[in-house]
Every structure is written in C-alpha cells, then in structure tokens.
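Examination of the molecular architecture
Here's the letter readout for the chains.
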Amino acid sequence: MATLQDRFNINSQLEHLQAKYVGTGHADLNRFEWAVNIHRDSYASYIGHHPMVAYLAVAENESIGRVKYNLLQKMLLPCGLPPEKDETE
Amino acid sequence: MENDVDTEIARLQEERKRTEAAQAGVPLTGAATFDQDLYGGGDRYAGYEQSIGVAEEEDELDERERTLASKLQSYTAPKSVTQAVPDEEPGQEGGFQKPGRIVDREDDYRKRRLNRMISPTRNDPFAMGDKTPDARVRTYADIMKQQQLDRERDNTLQNIVDKQKAEEEQAADRDRPTKASGLPGPPPVPQAAAPQAGEKRRNRWDQSGGAGEAKKARVSEWEAPDSTPGSSKWDATPGRLDTDATPGRWDATPQAGSKWDATPGRIGDATPRKNRWDETPTPGRLDAGSTPGWAPGETPAVGATPSAKRGRSRWDETPAGAGPAATPAFGATPAFGATPSIGVTPMGGMGMETPTPSQLPKVPLTAEQYQAMRWEREIEERNRPLTDEELDAILPTEGYKILEPPPGYAPIRTPARKLMATPTPIGGTPMYQIPEEDRGQKFDVPEALEGLPEMKPEDHQYFGKLLKEVDDEELSAEEAKERKIMKMLLKVKNGTPPQRKSALRQLTDKARELGAGPLFNQILPLLMSPTLEDQERHLLVKVIDRILYKLDELVRPFVHKILVVIEPLLIDEDYYARVEGREIIANLSKAAGLATMIAAMRPDIDNIDEYVRNTTARAFSVVASALGIPALLPFLKAVCQSKKSWQARHTGIKIVQQIAILMGCAVLPHLKSLVDIIKHGLVDENQKVKTITSLTVAALAEASAPYGIESFDDVLEPLWKGIRMLRGKVLASFLKSIGFIIPLMDSMYANYYTREVMVILVREFQTPDEEMKKIVLKVVQQCVGTEGVEPDYIRAEILPEFFRNFWVRRMALDRRNYRQLVETTVELGNKVGCGEIVGRIVEDLKDESEPYRRMVMETIDKVVGNLGTADIDARLEELLIDGILYAFQEQVSDDANVMLNGFGTVVNSLKMRAKPYLPQICGTIKWRLNNKSAKIRQQAADLIARIAIVMKACDEEKLLGHLGVVLYEYLGEEYPEVLGSILGALKSIVNVIGMTKMTPPIKDLLPRLTPILKNRHEKVQENCIDLVGRIADRGAEFVPAREWMRICFELLEMLKAHKKGIRRATVNTFGYIAKAIGPQDVLVTLLNNLKVQERQNRVCTTVAIAIVAETCSPFTVLPALMNEYKVPELNVQNGVLKALSFLFEYIGEMGKDYVYAVSPLLEDALMDRDLVHRQTAASVVQHMSMGIAGLGCEDALTHLLNYVWPNIFETSPHVVNAVQGAIEGCRLALGPCIVLNYTLQGLFHPARKVREVYWKIYNTLYIGGQDALVAFYPRLEDDGINTYQRQELDVFV
C-alpha cells in the first residue's frame, strides 16, 4: 500500500501513529467493524463526560453508577455477534 | 540431576585417565620427556591475560557509550603482540579502501572468536521423549565429558610448560642461542640450502621479509580462520622462535626432520607430528573450511596425503596455489606461509610436486589467494622499476652524466617478487613443464550467474557449488534444497535491495519447510567467515533473527552453534552489533526455552578459554533479561557455588555482573537474592573469583543506586575485612565496590564507613599502579560526595595527602587520570569550599608543564563555576589573577579553550572585585592583539568577548570604548578565524555599552562592516551578520538609508550560506532594516530576488518577505506581494504563495483580517495546473486556518476547503502532506463534523484506491477529534442480528 516514496516521509510516521489507535480504520474495514468502533468510542465518551452520564441517569431513572456499568457492559459486544464471513472475501 | 551427571562424568574421567595412562605408557607425573608436539607446548594463551583487568573498563565503555573505544586500549594482548599484527588485507596500503571487514578492526581478543568451533548439532531431549538418543548425536553428557577432557588436557599442558620452563632455565646457561640474547640463530642447514637461497626462500614464503617476521607469521596463524586449537599449540612452544628465524626453514622437505632435530629443546617431534595429523576431524570444520570444487583424490598430491580429509584448509590451498594461474598467490597466502607443518611434514615431498594444470582443472582460487594476488599485481605495477627512458624523461639532460655501474654489480630488485614470478616447487628440482592449455580454466574473472548477484572471490568457498552446471532433475531432494538455500543466502548477502528483500522473505516463509539443519549449516559458517563485512554480518544476523521466529522449537539442536556465532557480537565495538546480538540471543532463548539454553551454555561456563567464558557470561545475562531473572536464579546459585572449578564460580558471578550492567535498576526486585548467591565469592580462595565478586557487587550497587542498601548488608563485613587484608588488584576491586555502596547509605553510616575506608585510601594514594590510582580517585569522589562526610574531616584527613600525591605533573599526562582527578577535586571542592581548593593549587598555575597548568586551570574553572569566588580572600584573588594571566600568556598548545574558559569564569565570578585587574588584563589583551601569531590574536579577541560584561559592571566604559577602537583598527585582519573573533568581540562591546556610547561611532563602524559581509568564511559571516543585525535592530538611525539598502543587497548573498544560523540571522536582519527604513525599498529588492534560479535563495527570500510583513504589518506588504502574483512566471508565483504561507504562519491570528483579501488568489492557485501551486496554496490554507481557528472566518475556510478537497487523490508525497495539513487545519478551524461529512462520502466507495485515501483522512481526523466525533457519526440502521443504532443521544428528559 505504502509506496517506496512515502515510506521515508512523514506519512510513514502518520501511519505508525494511526496504527496505535484501535479505532482507526482501513480500506478493508466492513460495516460491522466500523460500527463496533463507533459504538465503543461513543460509550467511552459518555462515560468520560460526567454530565452526560448524569443526564442519562435522570432519563433512565437509574443510579449514575448503574448507568456507567451498563454502558461498560455494552462495550463488550456493542453490535452483537459479527456477521458470517463471505467466502468470496 | 546435574550432580549425578557430574559425578558420573568424574568417574568416567577417572577411568579413562587410568586406562590411557596404562596404554600410552607415558606417566602423567614425574620426570618424563613429554611429547611436546602432541601437547604443543601447552599454554597457548601465554602472554594473554587469563582474565579481564580489574577495572573492567570495557564494561563501562560497552554499556555507557562513554568513550570511543580505541582498538589498542584493549585489555588482553601485550603491546608487543598488537604491534606485530600482520596486515590481514595488504591491499589497504595500496590506497583501496574496502568496505570495513570485521576482522580488520578487531583486536586480538575479539579475534579469538575465530578459534571457536561451530559444534556439531546437539540432542534435543524435548523432542526425543523417552527414547535413548542416537549414539551419533551429541548429548549433554558427551559435551560435559569433553569439557572435562579439555580441562584435564589444559592442566597437563600447563604442567608441561612449567616443567619446560624450568628445563629451559637450566639450559639457558648453555650455548643455546636465543633471539632475546641477540646471538645469531643456529647455523643454517648445511644441505641444499645455501645461505642465500635460504634467504630468498624465506622471503618468498613470508612475503615481506625483515624484522619481526617470525612473529608476524605466528600471529597470522593465530588468526587463520580455520586454525584448530591444536595448531596454535605450535606457537607457544618455547624455542620455536629460533626455528622460525632460521633461514631456509621451509627448505627441502626430506631433510626437514633432521633440521628440526637439530634444534635443541625439541625432543621426539616425529611421533607427535604424526599424532597431530591423525587428530579426528571435526565435522563442523569440514563444512566451513573445505574449498569448493575440491574433491579428495582428484589430484594425486592430495590423494597421497593421509590428511586430505582433514577440514583444515591448508592442504586444500596448496594445489591451487601451485597451478600456474595461481602462482604468485602461492607464496603470498599468509595462512600458508605461516603454516609451520608444511615444510616438515614427511609427506611433503610427495605432496609438493607441482601438479600440472590439467591435474587441477577446476580449482578456483581461494579468497585469500585471490586477494593476495590482486594486491601483488597492484603493488608490482606501482613499484615497477623505472626504465631508462623514463629516467631520461625525468632527469635533465645537461649537467648530468650516466655512470657505469661498478663491475660485478647485479641489480637485485626485491628478490621476493622476483621469486614470486617463477615458483620453485618445493622438494624436487625445478623443472619446467609445458603447461597444458585448459580452456575451461577460469582466471580471476568474477563469475556471475543468471539471476544471482555477483560472487566475490571470497564467496567461492561457500557458494562455489552454485557455479557448477547441474541438471535440476539429477539432484536429490537434499541437494536441491541446499542449492536453493545457497542461492537465497547469496542474494541476501550480495544482492541488490529488492533481491535481498525477496530472498529474505522467502527464507522466512519457507524456514520450516527447508528445515533448521540445512539452513543453519549454511548460515553459520558464513558468519564465521574471516572476510565478512559489517553489512553482510548485519544481513545474515537478520536472516537468523527472522528464521528463529519461524523455526521456534526446531532450533533447539542448534542453539549452541548459533551462540558460538552470535556471542562475539556481544563484545563487538559497534554498539548496534551488540544490540543486534542481544536481540538474537533474547529471541533464541524465547524460542528454545530456558532448559535448552542452560544445557547449551552450561559446558561453556567452565571452559578453559577465558574468551569463551566471558562471552558466555554475557550471553547468559541476555537470557536472564529475556526470560526473567527469577527463572535463572536457581541455576545461577548452583553455578556460583560450584565446587568443581573456580572458573565456573567466576563465570557465574560474572553473569550476575553482566545482568546488573545490562538491566540497570530492573535488578532491584531481585537484588537481595542476587547478592546472596554471590556473596561467598568475597571470601573465595581464588583471587580472580574475589575480584569478580567485588566488581559484581559494585555493578549491582551502581545499578540499584540510590536504593537497596539493605540488600548489601551481608557483603559489608567481608568487604571491610577484605580491604584491610588484601593488596593489589583484589584490593582495588574491593575498593571499587565500596565506592559504589557508600553513596547508597544514609548519612550516618556513610560517614562512619567513609572514615573506615579512608585510612586505606590514603595509604593507597601513593600507589604506583595506574589502575589503582583511578579507582582510588573514583572512590574518594564517591565517598566525599555522600551526605554525612564533614568538611572538617576532609580538610584534616584527606586534603593534605590527596594534594601531595595526586597533584603532580605526571597525572596531567594521561587523559583518563586527568579527567578523574579534576572530577574528584571538584567534588572535594564542593564539600570544603572554593578557597580551600584554589588556595592549594593556585601556585601551580605558574608551573612549567603546560598540561599540568591546563589541568589546574580546568579545575579552577569548574570549582569557581560551581561555588563562586565568595570565599577567596584578597591575597588569593591576587595570586589567582596573576597565575591565570601567566598561564594564559604562556600557553602554546592548540587546545586553548580551557584557559579561555577558566579566565572568563574567574573574571565573571569576581565581578566588581575584578576592577583593579582590568587595566592589566586589557594591557595584556592589547599587546596580544598585536601578536604575530594568529592564534594568540584570536584568543585575545575571544577573551574580550567574555569579559566585556564584567568590564561594564566595573564601570570601565572608557576602557571598553578604547578596546572598541583598537578592535576597529584590526578589522583589516586577514585570518578569517581571527576576524570572526574580532567581530564577536566588537559585538559584545556594542551589546554592553549601547549604540550611542559606542566608539568608534556606529556611522563609522557599519560602512566598514559592509565589505566584510562579502567574506565567505562561516565564522566571519556569522559574527558579522549578528553585529549588523544588532545595529539594524538598535541603532539603525545612525546610518543613512542608502547604506542600509547597500547592505540589503549584500544580505541577499548571505542567503546562500550553508549554515542555518547565518541564514536565519540574515532574514531577521531584513526585518530590522525594513522596520528602520520602511518596507517598500526592501520589499522591491526581495521581490526581485524571487526571480533567481536557486531554490534555497528563493526560499530564504520568501521567509524574509514574510518577516518584513510581520515586522511592518501585513498590509504594507500584501498589496505588492499579491500584485507580484500577476507575473506570469512559475518561480515568482510560487515564491509569492510560499511567502504567503510563511506570512500566515508568522502572523497567526492577525491573519483574520486578510483571509478575504487573499481568498481569490488562493482559489486561483488551488485550481492551477501546476502541482506545486496547489501544494503551496494548500499549505497557505493550512497555516491560515490554524491561525484563525475560532475567529469567525468559517465561511471563507469552507470555501477554500472545497478547493483543497479535490487534491486528496494526488500521489506526490509533498502534495499529500500539504493537502493533509490543510485538511487538518480546517478540522481545527471548522470542527471535525464538517470534515467528517466530507469524508463519509468515500469510506465505502467501491474503488479501493478511493477508499484508501478516504480512510487515511478519516484516521487523522479520528486521532484529532475522537471524542468530538461521537456526536456526528452517521445513524446506522440495524442489520439482521446486529444492532447498529445508538440510542443514547436520542434520550429526552
């Protein structure tokens, strides 16, 4: 993918940097994988912003701790099981 | 279990010894004549240190990268040996620098790696299960047994040598001549060898005659790649030297026996020689040493030799050399020339017959021969005698007369070479044989194969098989595999990068399929090759690294082989080689597992060879760091307590030391256990074990500092007992460890222990031993540095003795002593105060030895720099200045900065107190500015630069002004170095007294500087531009505008300077000048300069324009700049864009006022056909958007982003970067949402090329705005079993 040229310039570093983040994607990413990343990022973000959790807690009539716990649990399989792979792929 | 084996072995050993003694009939004790040649005279490492020096300097060098390790600073061989090292690659003097071969830069100790054997494959007990190992496979027990034997043999040899020595001493009184005594050697052999012939022969064989050649030969044999341990036995044989020196020793073989017998002191050498040849060949050898294309029996010469099957290549080389093509190389092969056994072998007569070429159709040259031959021809060509014609051409015709040579004169032109041309076969009468023509014979044409890289001559040994034409179908599976590996290795070794890469990948992918055995059997001998170069080794090591991963547990049988090859890397000079070696061993231990590693290395732990033990210890430390210290602890404990041999204990403790050095503070969790397993070594009966133990304690303490003192409780007592009782090296190492432990203690204990140890240290102050001196100094430094030590105590107890013993001239001569002494004294100064130290050494500033004065000055510099001059009284102050002036004036050496720095530091630290001395100092300076020597003038000017601030502080402005005038007068200086210093001095004067008070006045000074700007010397340029810039900044009004314009033109030239600092100063100066005289004129100059061709010049001009815009507000510059964009010239337009880019970078948020103004221009540029236009415009957008983020210009930026976006598919890396940057900038200014919406279009585009680009943008966007993006992700609909909706953001209260 990387050409000979940009192996030596900033792009290579960029790619290295990107590789360190789980949520980054690539050309072969499918819908499911991307959605899982989005969901996990979303939950992490909600948990990280306390007012957001508090708001959800009020809305769901749960304790803040419970809401956080639920969000954490959802991060496990946010979109359900992965779809069957196509043979063609 | 191990013990069982040990006892078992011991028992077997006993048995064997008994039976052997009975059979051989040679008593192992008592007075018997020893088979000297069988045992080879014993200690082959005589003259080498058996253990590493006590200071362990190489460890520090290794680990800290502190010093450039000089080759000759090695710790092993005595000087005499190192000096006599023969040049392995004689071609080097010829002016051809080959890429660095590893052997060439290795010292003798490191070369010992070549003596090691790649041991046969070993049994892998894990793979075997319960089965009994095949008898042919070497098991652990076999190896241990062999080690035992080796040790026994070594002991015996040692005894023999001792005995021999005793005998020799007796014989020394008799008439036996020795080289040392200067007596002539034994009379030349009376037979065929007439003295002269003998002389010639000798030259021929040894190639370079002359003194020390015997030694040379010896050493080269040492280094001969294939030398079996047995061969070097010859070297150490007492009395050998004489034989060597005997002319004609290579002579007529049949008589050789008698000749040797004639040498006194050699008894019964016929038998042993036979024995020697009968030595069992080692399989590993055979692989490594055999010459390609050589099959035993192919020539009668070899067929007749019973030893043809031996791995040693000396036989193999012979016939090749005897062929006509190879003739000159024959004599030149150093290995051959050095082989003592050729001439004396009884079979030599048969073997040495010159084989006709037809007999040897396809023997390619060996690498050494080829090299030697090439060199030979080269030298011959260069040094050929001048012909008469040439002489006539060179010498004038008149006034000279050609003399007749005296009668009887026959010119001898280097007989060595003469002889080389016509080989005299050894043995028989030299008879000419008409060589039969052989068209198939390859001369020295490098052979290349289809699809394979070129083969170097030295590769033939390994890759020769590839040259043979073979039919693929005829090959067996094994052979095919071998060829395949060989091809790939050759590609890796010599190929172009793409070839190498694909071969490496193939090797990696197919590693398991090819099998560990065939792979390693080829790679490892290659790595042992004496002609290996750094790059090649790196590549081969890389191959090993890659296949290790793949092979995993399959490597087990080869672990020891690999270690033999890789261990030397651990003590390589090159840092990266060491790292590489560590990496391989770490991977190896992960692949093979701890048990295998231990099994492989255990036998080497008490190897008789110190080199082996040393490298093994280092390898073990790497294993420990790879698998964790706790895993290795039980084993280490057992080894360190070994009762069997002190070598085992020594190595075990050394492993701990290496672990400490390698792992640093990571030893802390295991510190207690590590100390526990080595502590008994401090009371060991062996001195070497004691030494290494204390060094290990030192290393552990150093690694764990400042923690872990409690772990050392147990060793304190033996250490303190030790320093009272011990002397010499051991004491030094004990002191060293104490030096590292004391800083860990709390102040009370530190004080107590310091007092205890100080008694010993003070006693050792007087030691003549250099190593001890350094250690004592270091320990004093460490002790004094700890908290609890009182200044009074130091003053009373340490200082008098310290200064008496160490502050002597001799200490200044050795660089390491010098450094350590200065450091220690500074440390003492930190405790007792500046006055105390300075007072003691100030007198020495007037010492007559310059290095000593310099050392004093450096110490004063550091002490005063640390502590100031508050406690220096008036008297001392006077002495100090006096001394410094003296030292400054008397210096002659080149290393002038020490004096200058010291002077500067002291004067600056004295501040107001320096006032009385300033006139005197200035007088000196003025006088020295007038000196004939450029160096002195330069120093004087430099000194002005340093003390100008103090002079100002002392109200000596008048004096400063005076100096200014003096310097001004010296501006005509011709030495650029001096001129640069003078300009620097002027600059510092201008800086301190200001523009208005400056003498000479600025309006006179600046015109004088303008021509100097033309000077091309960097130092002059830099100082001049600094000074001009300073004046432009602060005193522009003193100079007419026209002068400034003139300077502007000069400055354009300076933009070409190589040094970045100069260019930076220049563009800054443009800014100052523009500020002073208004931007218009400067801008016109700069814009015109955009038309020049040079890129660097244009870039600097754009920077200058941007700076002018920044200093004079953008609105003064932008109209003209944008107008310039109309010029239909690529360079100018790009220059304008670039200037805009810098401009927006510099003005930051000021840019918000100009965004709308430049937008049309950027639109145009972003749509231009020219790639660079778009690239530069994109970077303008980047800088602009970053500057104005959050300032309400989103509409303009969105507009520009629309123009930037289509460029995302560009492929040129610079454009990619610029566009990426612009998008990032827009993300910042517009928020990630907008950019995400652009990106979503292409994330799942059907075309992969499109997706790739979009995902790259997405990824940078994601990294930049992970959290912010959460709110903007698209809504995804559920799909089958998967839920993709995110409800949380839909929640309402």
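Residues numbered from 1 in each chain as written. Chains lettered and ligands numbered in written order. Predicted model: local features only at pLDDT ≥ 70, side-chain atom pairs only at ≥ 80, totals over all residues.

Right, let's talk about the overall build of chain B for a bit. Tallying secondary structure elements over chain B gives 66 helices and zero strands in all. Residues counted as buried form 44% of the 1293 residues belonging to chain B. Of the contacts formed within chain B by residues at least 6 apart in sequence, a portion of 77% connects residues at least 24 apart. (Helix = DSSP H or I, 4+ residues; strand = E, 2+ residues; numbered from the N terminus. Buried ≥ 20, exposed ≤ 12 C-beta atoms within 10 Å, placed from the backbone. Contact = placed C-beta atoms within 7 Å.)

Moving on to the overall build of chain A. Looking only at helices and strands, chain A has four helices and zero strands in total. Taken across its 89 residues, chain A has 18% of its residues classed as buried.

This part takes up helix α57 (residues 1079-1089) of chain B. Of all the residues in α57(B), the buried ones are B:Pro1079, B:Val1082, B:Leu1083, B:Leu1086, B:Leu1087 and B:Asn1089. All buried residues of α57(B) project into a common sector of 150 degrees when viewed along the axis, lining one side. (Arc of directions from axis to C-beta.)

Moving on, we get to the packing of helix α31 (residues 559-570) of chain B against helix α34 (residues 610-627) of chain B. All names here are of chain B. Contact geometry for α31 and α34: axes closest at 9 Å, N-to-C directions at 85 degrees. Considering the angle they form, α31 stands roughly perpendicular to α34. Note on element contacts: α34 touches α31 through Thr615, Thr616, Arg618 and Ala619, opposite Leu563, Glu567, Pro568 and Leu570. Split by residue class, the contact of α31 with α34 holds four nonpolar, two polar and two charged. (Axes fitted to C-alpha atoms, helices over the stretch in contact; angles between N-to-C directions. Parallel < 35°, antiparallel > 145°, perpendicular 65-115°, else oblique. Nonpolar A, V, L, I, M, F, W, Y, C, P; charged D, E, K, R; others polar.)

This next bit is on the interface of chain B and chain A. Contacts between the two partners involve 27 residues from chain B, matched on the other side by 30 residues from chain A. The leading source of residues in the side of chain B that touches chain A is helix α66 (residues 1248-1269) of chain B, at 11 residues.

The next subject is the confidence of the model for chain A. Residue and element names in this part refer to chain A. Summarising the model, chain A shows a mean pLDDT of 82, and 79% of its residues fall at 70 or more. Per-residue pLDDT, averaged within each element of chain A, yields its smallest value for helix α1 (residues 10-19) (66) and its largest for helix α4 (residues 64-74) (95). Low pLDDT (under 50) marks residues 1-8, which in the prediction has 10 contacts with non-local residues, meaning those over four places away or in another chain. (pLDDT = per-residue confidence, 0-100.)

Further remarks concern the packing of helix α29 (residues 516-528) of chain B against α31(B). All names here are of chain B. Remark: α29 packs on α31, axes separated minimally by 9 Å, with the N-to-C direction vectors making an angle of 25 degrees. Put simply, α29 runs roughly parallel to α31. Between α29 and α31 lies a crossing of left-handed hand. For the pair formed by α29 and α31, the contact residues are Phe520, Leu524, Leu527 and Met528 on the first element and Lys561, Ile562 and Val565 on the second. Here the contact of α29 with α31 is built from residues that sort into six nonpolar, no polar and one charged. (Left-handed = near helix turned anticlockwise from the far one by under 90°.)

For the rest of this paragraph, the subject is unusual backbone geometry. Residue and element names in this part refer to chain B. For the peptide bond that leads from Ala705 to Pro706, omega is 5 degrees, which places it in the cis range. Summarising the element assignment, Pro706 is placed in the loop between α38 (687-704) and α39 (713-725). Of note, the bond from Thr999 into Pro1000 is cis; its omega dihedral lies within 30 degrees of zero at -10 degrees. One can find Pro1000 in the loop between α52 (976-997) and α53 (1002-1012). The phi dihedral of Asp552 is positive, around 50 degrees, even though this residue is not glycine. With respect to the secondary-structure elements, Asp552 resides in the loop between α30 (534-551) and α31. At Asp955, a position not held by glycine, the phi torsion is positive, near 60 degrees. Tracing the sequence through the fold places Asp955 in the loop between α50 (934-953) and α51 (957-969). Since 12 C-beta atoms lie within 10 Å of it, Asp955 is described here as exposed.

We now examine helix α43 (residues 791-806) of chain B. Residue and element names in this part refer to chain B. Over its 16 residues, α43 runs only 19 Å from end to end, short of the ideal 22 Å by more than 12%, given 1.5 Å per residue. Along α43, the largest kink reaches about 45 degrees and is centred on Ile798; proline Pro800 follows within four residues of it. Where α43 is buried, its residues touch α41 (747-764), α42 (770-785) and α44 (815-832). (Expected span 1.5 Å × (residues − 1). Bend = angle between axes of the 7 residues up to and from the residue.)

It is worth spelling out the environment of B:Arg113 at this point. Residues and elements named next belong to chain B. With respect to the secondary-structure elements, Arg113 resides in the loop between α6 (108-111) and α7 (125-128). Judged by the 22 C-beta atoms lying within 10 Å of it, Arg113 is buried. Residues Arg113 and Pro568, spaced 455 residues apart in sequence, show a C-alpha to C-alpha distance of 6.2 Å.

The residue B:Arg1098 is located in helix α58 (residues 1095-1111) in this model. With 40 residues separating them along the chain, B:Arg1098 and B:Lys1138 place their C-alpha atoms 9.4 Å apart.

Take the confidence of the model for chain B next. Residues and elements named next belong to chain B. The predicted model of chain B has a mean per-residue pLDDT of 78, with 74% of residues at 70 or higher. Ignoring residues within four places in sequence, the model shows residues 24-35, a span with pLDDT below 50, making 12 contacts including any to other chains. Low pLDDT, under 50, characterises residues 40-97; the stretch is placed with 98 contacts to residues that sit more than four places away or in other chains. Interface predicted TM-score (ipTM) for the complex: 0.91; the corresponding pTM is 0.60.

All right, on to the environment of B:Ala1074 then. Residues and elements named next belong to chain B. By the element assignment, Ala1074 lies in helix α56 (residues 1060-1077). On the basis of neighbour counts, which here come to 29 C-beta atoms within 10 Å, the residue Ala1074 falls in the buried class. Sequence separation between Ala1074 and Trp1044 is 30 residues, and the spatial gap between their C-alpha atoms is 9.2 Å. Here Ala1074 is in contact with Pro1079, Val1082, Val1108, Thr1111 and Cys1112, once residues within four sequence places are set aside.

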